[in-house]
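If you want the building blocks of each chain, they are given just below.
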Amino acid sequence: MTDSFKLKVNGREQAVSVSPDTPLLYVLMNELALRGPRFGCGLAQCGSCSVLVDGVEVRACVTPVSNVAGKAVTTLEGLPALYAEQKRLPQPPALHPLSQAFVDQQAPQCGYCFNGMTIKAAELLAQNPKPTEAQIRSHMDGHICRCGTYPLILKAIQLASIRMAGDVR
Ligand code: FES
Ligand code: FES
């Protein structure tokens, strides 16, 4: 049975007509043509599909769209604007500082996991701007990189944390 849902995705109101149990990931990819979230395992095991819902990371592959009606969904594409809002910057940066740090550290290999890595790390730094290495490792646990770039991911999150601390208006 198809139903109509109003979603707020990356700050924009969106109306979609889908079955209530349709995974949020399918709606983002197929109805809204967003390419940040990725389909990996489809079982909430890898994190490649992650998005923020009211600032909290969720696995979009197993989240029914009906669960997020009326909530604020942020995908990788919306992170720079969310960051500008959080820091009260006059303009969103071209890249979220985490994305820039991942580039600067040359962390991505195939890049498939980096949607989820960026979303999960953005959740962390919004809650805890200066995490310890142990806190980063603990928070990122459960996000899988099949290319094994974990040491570079860790360094990039630390770099972004330092840069973001200086981005105060
Ligand atoms: S695709 Fe959602 S956790 Fe793997
Ligand atoms: S860079 Fe390939 S899965 Fe992480």
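Thresholds applied
Residues numbered from 1 in each chain as written. Chains lettered and ligands numbered in written order. Predicted model: local features only at pLDDT ≥ 70, side-chain atom pairs only at ≥ 80, totals over all residues. Core = buried A, V, L, I, M, F, W, Y, C linked by C-beta atoms within 7 Å. Buried ≥ 20, exposed ≤ 12 C-beta atoms within 10 Å, placed from the backbone. Helix = DSSP H or I, 4+ residues; strand = E, 2+ residues; numbered from the N terminus. Domains from an automatic or database assignment. Contact = placed C-beta atoms within 7 Å. Nonpolar A, V, L, I, M, F, W, Y, C, P; charged D, E, K, R; others polar.

## Describing the nonpolar core
Here comes step 1: By size, the foremost hydrophobic cluster in this structure holds 39 residues, and its most contacted members are Leu24, Ala60, Leu98, Ala121, Ala156, Ile157 and Ala160.
Here comes step 2: Taken together, the elements giving at least two residues each to this core come down to strand E1 (3-9), helix H1 (24-31), strand E3 (50-53), helix H2 (79-87), helix H3 (97-104), helix H4 (114-127), helix H5 (133-140) and helix H6 (150-165).
Here comes step 3: Per element, the largest residue contribution to this core is 7 residues, and it comes from H4.
Here comes step 4: Viewed by domain, this core spans two of them, domain 1 (3-77) and domain 2 (79-165), each represented by three or more residues.
Here comes step 5: With residues up to four places along the chain from it excluded, the contact list for Ala60 reads Pro23, Leu24, Leu25, Leu28, Pro37, Cys49, Ser50 and Val51.

## Quick look at the domain arrangement of the chain
Here comes step 1: Per the domain assignment, the segments making up the chain are domain 1 (3-77) and domain 2 (79-165).
Here comes step 2: Distance from the C-alpha centre of domain 1 to the C-alpha centre of domain 2: 20 Å.
Here comes step 3: Contact residues are listed per partner, giving 17 residues for domain 1 and 15 residues for domain 2.
Here comes step 4: Residue assignment for the side of domain 1 that touches domain 2 shows that the elements contributing at least two residues are E3 and strand E4 (56-59).
Here comes step 5: Counting residues per element, the side of domain 1 that touches domain 2 draws most heavily on E3, at 3 residues.
Here comes step 6: Split by residue class, the side of domain 1 that touches domain 2 holds 7 nonpolar, 8 polar and 2 charged.

## Quick word on unusual backbone geometry
Here comes step 1: Of note, Ala33 is a non-glycine position whose phi angle comes to about 55°, a positive value.
Here comes step 2: As for its placement among the helices and strands, Ala33 is situated in the loop between H1 and E3.
Here comes step 3: Residue class for Ala33 comes out exposed when judged on the 7 C-beta atoms lying within 10 Å of it.
Here comes step 4: In this structure, Ala44 is a non-glycine residue whose phi angle is positive, near 65°.
Here comes step 5: Here Ala44 shows up in the loop between H1 and E3.
Here comes step 6: The exposure class of Ala44 is partly exposed, given the 16 C-beta atoms found within 10 Å.

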